[in-house]
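The chain contents come next:
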Amino acid sequence: MPVVTGRRRADTDRSQQLVRDQLDAQAVLAPRFARGAVGERQIATALMALTRPDGAGRQRWFLMIDRAWPGTRSANVDMILIGPPGVFIVDAKEWTSQPQIHAGVLCAGLDNRQAEIAKVKAMIRPAQHALARRLQIVADIVHPVLAFAGHSVHRNHQGVMLLGVKELRPTLAGELPSRLSTADVTAVHEVLAQVYPAYEPCNLPADRVAVQAASQVAGGLFEPQDILDAEVAAATARPMERWMTFLHASQLAIVRRTYTGPARISGPAGTGKTVVGLWRAVEAAKNTTGPVLLTSLVRMVPRVQARLLHQMRPDLAHRIDCVHVHGWAARFLAERGIEVGYDAAAAENEFSHAWLAMRGSPLAALDPRPVYWRQEIDVVIKGRGIAERGQYRASARPGRQLRLTEGQRDLVWDLYERYQQRLVHRGIADAADLLMRALAEARREPPQPGYGAVIVDEVQDLSLTALRLVSAVAPPGANGLLLIGDCRQKIYPGGYRLSDAGLSITGGRSEVLTVNYRNAPAILDAALDVIAEQRLEDIDGTMVTGRPADLAVTHGAGRVVRVSEETESQLENQAVAAVRELAAGGGYGEVAVLCYRGAQARRYAALLRREGIPVVELDAYTGDPTDRVKVGTWHKAKGLEFAHVLLPGPSSAITDAAKGYQSDDESATLARHALHVAMSRARLTLWLGETSRAPAKPGALA
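Described in the following lines is the structure provided in the data block. Since we're looking at a predicted model, the values are computed, not measured. (Residues numbered from 1 in each chain as written. Predicted model: local features only at pLDDT ≥ 70, side-chain atom pairs only at ≥ 80, totals over all residues. Heavy atoms only, no water.)

1. Some remarks on the overall build of the protein
Helices and strands together make up the secondary structure of the protein, namely 24 helices and 25 strands. Within the protein, the fraction of its 702 residues that count as buried is 57%. Partitioning the intrachain contacts of the protein with sequence separation of at least 6 by distance along the chain shows that 75% fall at a separation of at least 24. Total accessible area on the protein stands at roughly 28900 Å², and carbon and sulfur atoms take up 51% of it. (Helix = DSSP H or I, 4+ residues; strand = E, 2+ residues; numbered from the N terminus. Buried < 20%, exposed > 50% of the residue type's maximum accessible area, 1.4 Å probe, protein only. Contact = heavy atoms within 4.5 Å. Areas by Shrake-Rupley, 256 points an atom, 1.4 Å probe, with all protein chains shown as cover.)

Dropping the structure here:
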């Protein structure tokens with residue numbers, strides 16, 4: 001048996017204690033930071049270790065996090081540390097460049113940051129006044145501190161302590177003399193807790209999963225990767241709404257990176273694209289003066305993102321405008337006093353009348369379903385801003401697999417003119433008209449005040465007109481426009497290339513995420529099987545495969561459950577039993593039932609309610625934690641994720657597309673993408689239920 005020297009044992013003990021300190025701090029800080037800014041959490045972790053009781057059980061240090069700054073409307077104080085040496089008002093900084101002093105001025109690289117000195121000095125004044133008035137404690141007991149994540153620094157500048165993460169504890173706890181007794185520290189803490197009140201408490205429960213998830217790490221000398229792995233394991237064990245804001249440390253560089261022009265983040269499902277977008281929105285709110293626009297095609301996604309941002313950074317969430325692109329267009333036009341008469345239901349009725357007049361035309365022989373020709377108008381003619389027949393004859397039709405001759409395009413144009421004449425006559429507009437009017441107005445006069453940044457999620461689902469609109473309202477220059485998406489998850493018809501909108505993303509402004517943090521390997525493999533044989537054109541014009549070759553997986557255990565029953569009622573009984581079984585491990589809020597058709601989703605919602613199972617339909621889901629099963633369609637689950645996902649009748653999406661029409665290939669492609677999206681929402685369990693009339697393995701369908 002090897003002999004462990006006293007020095008090695010001491011090193012091991014210190015390493016184990018560091019792990020415990022980090023994990024204990026993670027558990028305490030998780031509700032406040034909600035997988036928050038990594039740099040701030042590093043600083044808080046270093047300080048939290050001081051708050052352990054001493055050998056006599058006395059708490060000699062207190063740490064308060066994310067407190068309101070008295071006298072301001074929304075500004076915050078990052079941390080307040082109270083201990084024997086005094087009070088330390090800590091402003092956490094995550095600068096890319098090393099902090100330096102040039103000619104008596106604080107700088108980050110070449111940028112003048114002297115204003116940060118005045119700011120942190122102003123933060124300490126309410127503490128000085130309150131302690132002098134209530135406890136007769138002199139003002140110099142309160143110290144302003146700028147703490148820098150990712151940098152080593154130890155100096156004093158104009159009365160402000162500048163310290164790196166590694167220098168915080170040894171400086172504050174070891175270099176300064178004790179001036180407050182234990183009783184004084186407690187009294188000061190009570191006073192300052194009132195002077196600097198907490199923001200609205202996070203409505204998520206305290207989380208100690210991190211300690212349990214990494215207990216094996218604390219058993220011996222650790223490596224940095226062990227801490228990261230423990231952090232991922234702990235995050236995946238948290239409720240869905242907390243996992244959805246998890247930012248892996250390796251992605252922090254992308255959050256902080258400065259792009260000199262329009263930028264793009266892509267990658268397969270589960271790689272954290274949306275989370276990176278959320279944290280870049282936070283960074284933009286911190287570093288720009290204008291509001292930040294975070295938008296998407298799907299109505300529900302921005303609503304959930306708004307709630308997540310409020311949990312992540314309540315002090316900044318009000319500066320981030322989360323709204324779906326059609327909602328933004330309608331609001332923008334209304335603010336300008338422009339009435340467009342948008343009425344989706346009335347527009348659908350007018351198209352039905354226009355199609356009736358064309359029902360005997362050769363178009364009906366190609367595809368008698370009016371929805372295909374309505375989509376042609378929405379995503380090609382209006383979606384690309386085509387104004388003339390000749391332009392449509394010559395136009396590319398990305399994403400439309402059914403080839404049309406010039407004569408057939410003329411018939412489509414006739415249908416478009418008939419439809420548009422009916423809309424004009426009735427004084428109404430459809431969704432595509434709404435975007436076209438908003439684009440014209442934004443080009444005439446951009447919105448005021450201008451946006452500090454525009455971030456677009458699920459960009460692959462936008463029409464070209466929608467892309468042009470968000471580009472028109474984005475600020476020029478660095479970090480102005482960020483596009484996030486994955487062509488494998490495109491679930492709506494149509495398409496475009498970035499060059500069609502005059503966008504060129506070059507020079508290192510394109511990031512591809514290649515690590516899946518969400519799905520268990522079996523789930524990811526099943527989801528990729530659905531699209532594995534496809535070759536897809538990305539929005540930059542490159543071709544990609546359905547199954548990426550360089551995708552890594554970090555998740556551990558998980559399962560795919562395949563169930564086959566003879567009848568729908570038997571399948572429904574199996575689904576109810578599965579929901580109850582899965583909810584027993586973590587509550588109903590971790591379970592989702594997703595259906596291809598809206599009618600099927602409504603049927604399952606009613607079924608679960610009859611069985612006494614609490615349900616929230618995705619149309620009404622806001623992103624708040626709730627112990628209810630989420631029920632909705634595959635399309636409405638876009639941008640969300642769940643621990644356990646049930647998909648009743650998934651193969652119907654593929655089989656329903658095969659009607660014997662020439663447009664079937666396109667319909668099947670979109671159906672496969674939607675199925676891939678639905679399957680990849682699951683973290684731990686994917687339940688696939690079929691009746692005997694349908695194939696049991698949707699991924700194996702030809």
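Having put the structure on the table, let's press on.
2. A short note on empty space enclosed by the protein
Counted according to the given criterion, the structure contains four cavities of 30 Å³ or more. Roughly 340 Å³ of internal volume is contained in the largest cavity. Considering the residues around the largest cavity, the lining is formed by 29 residues, among which Gly272, Thr274, Val275, Arg518 and Glu641 are closest to the centre. Looking at the lining of the largest cavity, the elements that each hand over two or more residues are helix H10 (273-287), helix H11 (300-312) and strand S14 (481-485). (1 Å grid on protein atoms, 1.4 Å probe; cavity = no way out; pocket = protein on both sides within 12 Å on 5 of 7 lines; lining within 4 Å. Points joined across faces, edges and corners; volume = space filled by probe spheres on them.)

3. Things to note about the layout of surface pockets
Taking a probe equal in size to a water molecule and rolling it over the atoms shows the remaining empty space. Of the pockets and cavities examined, the second largest pocket occupies roughly 1100 Å³. Around the second largest pocket, the lining is made up of 47 residues, and of these Glu94, Glu283, Lys286, Asn287 and Thr288 lie nearest the centre. Counting only elements with at least two residues in the lining of the second largest pocket, the list comes to strand S2 (76-83), strand S3 (86-93), helix H3 (115-135), helix H9 (252-256), H10, strand S13 (453-456) and S14. Ranked by the residues each element gives to the lining of the second largest pocket, the list is headed by H10, at six residues. Partitioned by chemical class, the residues of the lining of the second largest pocket number 17 nonpolar, 13 polar and 17 charged. (Nonpolar A, V, L, I, M, F, W, Y, C, P; charged D, E, K, R; others polar.)

4. Section: the packing of aromatic side chains
For any pair of aromatic rings, geometry is given as the distance between the ring centres together with the angle between the planes. All chains considered together, the criterion is met by seven aromatic pairs. Ring pairs connect the aromatic residues Tyr392, Trp413 and Tyr416, which therefore count as one cluster. Stacked on the ring of tryptophan 95, the Lys or Arg arginine 113 has its end atom at 4.8 Å from the ring centre. The lysine or arginine in question, arginine 400, covers the ring of tyrosine 372, its NZ or CZ lying 3.9 Å from the ring centre. (Phe/Tyr/Trp six-rings, centres within 6.5 Å; stacked < 30°, edge-to-face > 60°. Lys NZ or Arg CZ within 6 Å of the ring centre and 35° of its normal.)

5. Concerning the side chain of threonine 691
Structurally, the position occupied by threonine 691 is in strand S25 (residues 682-691). Residue contacts for threonine 691: discarding those within four places in its chain leaves Ser564, Glu565, Glu566, Thr567, Glu568 and Leu571.

6. Some points on the pattern of salt bridges
This model, assessed by the stated rule, comprises 49 salt bridges. Across the pair lysine 119 and aspartate 91 runs a salt bridge, and its minimum N-O distance is 3.8 Å. Highlighted residues: lysine 119 in helix H3 and aspartate 91 in strand S3, separated in sequence by 28 residues. The exposure class of aspartate 91 is buried, given its relative accessible area of 2%. Between arginine 257 and glutamate 511 there is a salt bridge, with the nearest N and O atoms lying 2.4 Å from each other. Of this pair, arginine 257 sits in the loop between H9 and strand S10 (263-266) while glutamate 511 sits in strand S15 (residues 510-512), and the two are 254 residues apart along the sequence. With relative accessibility at 34%, the residue arginine 257 sits in the partly exposed group. For glutamate 511, a relative accessible area of 11% puts it in the buried group. (Salt bridge = Lys/Arg side-chain N within 4 Å of Asp/Glu carboxyl O.)

7. Details of the packing of helix H21 (residues 568-586) against helix H22 (residues 598-610)
Think of two packed helices as two axes; the pair is described by the angle between the axes and how far apart they sit. Across the interface, H21 lies against H22 with an axial gap of 11 Å and an inter-helix angle of 60°. Classified by the angle their axes make, H21 and H22 are oblique. Like other packed secondary-structure pairs, H21 and H22 cross with a definite hand, here right-handed. Two secondary-structure elements touch here, H21 through Glu568, Leu571, Glu572, Ala575, Val576 and Val579 and H22 through Arg603, Tyr604, Leu607 and Leu608. Broken down by class, the residue content of the contact of H21 with H22 amounts to seven nonpolar, no polar and three charged. (Axes fitted to C-alpha atoms, helices over the stretch in contact; angles between N-to-C directions. Parallel < 35°, antiparallel > 145°, perpendicular 65-115°, else oblique. Left-handed = near helix turned anticlockwise from the far one by under 90°.)

8. Re unusual backbone geometry
For residues besides glycine, phi is generally negative; the peptide bonds are generally trans as well. Residue proline 449 is reached from glutamine 448 by a cis peptide bond, and omega for that bond is -5°. Mapped onto the secondary structure, proline 449 falls in the loop between helix H18 (431-444) and S13. With a phi angle near 55°, glutamine 136 is a residue other than glycine that sits in the positive phi range. One non-glycine residue with positive phi stands out, namely asparagine 479, at about 60°. Mapping asparagine 479 onto the fold places it in the loop between helix H19 (464-473) and S14.

9. What to know about the sheet that holds S15
Strand order in the open sheet formed by six strands is S12-S11-S13-S14-S10-S15, and the pairing between neighbours is parallel. The open sheet is flanked by strand S12 (320-322) and S15, the only strands paired with a single partner. Taken over all neighbouring pairs, the strand axes of this sheet differ in orientation by 15° on average, direction set aside. Relative to S14, S10 runs parallel, the two being bridged by four bridges. If you follow isoleucine 265 over to S14, its bridge partner there is isoleucine 484. (Pairing = 2+ DSSP bridges.)

Read these as spatial facts, not as claims about activity.
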